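Spelled out from the first residue to the last, the chains are:
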Amino acid sequence: MMKQALCLLYFLLTGVVMVAAQSLNFSYVDFTSGDVTLPYRMATTAATANSPALVVYLHGGSSKGTDNEAQLNEKGLDSICNYLVNNCIEALVVAPQCPPTMSWGGKMNVVLRNMVTDIVSKHGADTSSIYLFGGSMGGTGTWGMLSAYPRMWAAAMPVAGNPSRCVADSLLNVPVYAVMGDADAIMSVEPVSSLIAWLNASGNDSRLDIEAGWSHETTCIESYTAKRLCWVFSHHKLADTGVEQHEADATVIASVCFDISGRRLPVPPENGIYLRRDIFSNGTSRVEKCIATER
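Not measured: the values here are computed from a predicted model.

Novice: Which residues make up the overall build of the protein, and what values go with them?
Specialist: Tallying secondary structure elements over the protein gives seven helices and 12 strands in all. Of all 295 residues assigned to the protein, the portion counted as buried reaches 51%. Long-range pairs, those at least 24 residues apart, make up 69% of the contacts in the protein with a sequence separation of at least 6. Accessible surface, the protein as shown: approximately 14100 Å² in total, 54% of it carbon and sulfur.

Structure representation (structure tokens):
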């Protein structure tokens with residue numbers, strides 16, 4: 001807190017409150033996973049002796065290619081970098097570039113997962129603070145990565161994306177802040193609003209903003225506000241225990257059961273191992289492994 005306060009004071013005194021993504025020192029990297037070569041750019045927002053957060057940004061369809069340049073021109077990435085620098089958040093910012101013949105999702109989920117694992121191993125990123133962002137094709141790709149690897153992310157922000165191919169149950173422990181425009185002629189609001197409503201009813205930490213009059217392009221550019229980014233970066237994942245923090249004096253207000261593959265169950269099974277997610281009165285939750293035995 002003291003470091004952030006000093007940084008804020010510096011920015012106020014000097015008038016320096018913005019920094020473009022292009023002004024950061026983004027290195028060029030080529031990562032190969034199987035038969036796919038994924039170029040990406042990576043920059044550090046602040047020098048630190050601690051483990052930095054890891055921020056992954058998935059670009060839209062118009063930035064596909066092999067130049068490892070186009071993805072840095074997206075306004076969404078620029079806004080995220082501004083926020084991180086201006087708030088003195090120590091992070092590795094990673095912007096991969098999707099090959100021109102592919103899209104985020106499907107096979108690319110595995111490639112992105114392997115890229116993240118490689119970066120964490122080589123650069124010591126904080127595994128409790130890995131965040132995912134994306135707009136348009138990147139928004140759809142963000143939904144896909146959350147569904148495929150939900151335990152990897154501290155929180156995520158899919159913008160103007162389509163979650164129709166997600167497995168909803170797999171998202172139940174992932175904090176997510178979605179943004180859509182009601183004048184978007186490319187991405188429909190309904191699949192997102194239905195999913196967020198279901199997640200919230202199930203006790204998930206989810207938000208959706210639907211902006212009036214925003215087109216697809218406007219949504220991809222204007223969504224990354226300080227308020228939304230603050231919400232995303234306020235979340236931190238516990239070590240891979242599957243357990244979320246809760247207060248000892250909070251009461252359980254609802255419980256949801258799943259089989260070990262993550263499929264939601266209408267009622268607890270009479271026999272075998274299953275997972276139970278207890279939702280507490282203070283808004284937190286806890287997942288426990290349970291064993292049912294026939295009497």
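Read on for the rest.
Novice: Lay out the sheet that holds strand β2 (residues 36-44) in plain terms, naming residues and giving numbers.
Specialist: Sheet architecture is open: eight strands sit in the order β1-β2-β4-β3-β5-β6-β7-β8, paired in mixed fashion. In this open sheet, the two edge strands, each paired with only one partner strand, are β1 (27-33) and β8 (206-211). Between one strand and the next, the sheet's axes are offset by a mean angle of 20°, whatever the strand orientation. Here two bridges tie strand β6 (residues 155-159) to strand β7 (residues 176-181), and the two strands are oriented parallel to one another. Bridge pairing in β7 places A156 opposite V176. Each of β3 (53-58), β5 (130-135), β6 and β7 touches helix α4 (residues 137-148); the most contacted strand, β5, lies at about 145° to it.

Novice: Got a sec to walk through the side chain of S63? Specific residues and values, please.
Specialist: Tracing the chain through its elements places S63 in the loop between β3 and α2 (75-86). Within the structure, the side chain of S63 is placed 2.8 Å from the side chain of E74, a separation counted as a polar contact. Setting aside chain neighbours within four positions, we find S63 in contact with A70, Q71, E74 and Q97.

Novice: Explain the packing of aromatic side chains residue by residue, including any values.
Specialist: Inspection of the entire model under this criterion finds six aromatic pairs. Look at Y177 and W231: their rings are 5.3 Å apart centre to centre, the planes differ by 90°, and that puts the pair in the edge-to-face class. You can see Y177 sitting in strand β7 and its partner W231 sitting in helix α7 (residues 226-233), a full 54 residues away along the chain. Every member of this aromatic cluster is reached through a ring pair, and the members are Y57, Y83, Y131, F133, Y224 and F233.

Novice: Tell me about the side chain of S129, and name the residues and values.
Specialist: On the secondary structure map, S129 appears in the loop between α3 (107-123) and β5. If we ignore the near neighbours within four places in the chain, the residues touching S129 are A53, L54, A154 and H236.

Reading the values: the criteria
- Numbering of residues starts from 1 in each chain and follows the order in which that chain's sequence is written.
- The predicted origin of the model limits local features to residues at a pLDDT of at least 70 and limits the giving and counting of side-chain atom pairs to 80 or more, whereas totals for whole chains, interfaces and linings rest on all residues.
- Excluded from the side-chain calculation are hydrogens and water; included are all heavy atoms of the structure.
- A run of H or I in DSSP counts as a helix once it spans at least four residues, and a run of E counts as a strand once it spans at least two, with each numbered from the N terminus.
- Relative accessibility decides the category of a residue: with a 1.4 Å probe and only protein chains considered, values under 20% of the type maximum give buried, values over 50% give exposed, and everything between is partly exposed.
- Residue contacts are defined here by distance: any two heavy atoms, one from each residue, within 4.5 Å place the two residues in contact.
- For the area figures, the Shrake-Rupley method with a 1.4 Å probe applies, and any residue is considered shielded solely by the protein chains shown.
- Should DSSP find at least two bridges between two strands, the strands are taken to pair.
- Each axis is a line fitted through C-alpha atoms, taken for helices only over the stretch in contact, and angles between the N-to-C directions span 0 to 180 degrees.
- Side-chain atoms alone can form a polar contact between residues adjacent in sequence; in general such a contact is a pair of N or O atoms within 3.5 Å, and within protein one must be able to donate a hydrogen while the other accepts it.
- Any pair of Phe, Tyr and Trp rings, taking the six-membered ring for Trp, is counted once the centres come within 6.5 Å. Such a pair is stacked with planes under 30 degrees apart, edge-to-face with planes over 60 apart, and tilted for the rest.

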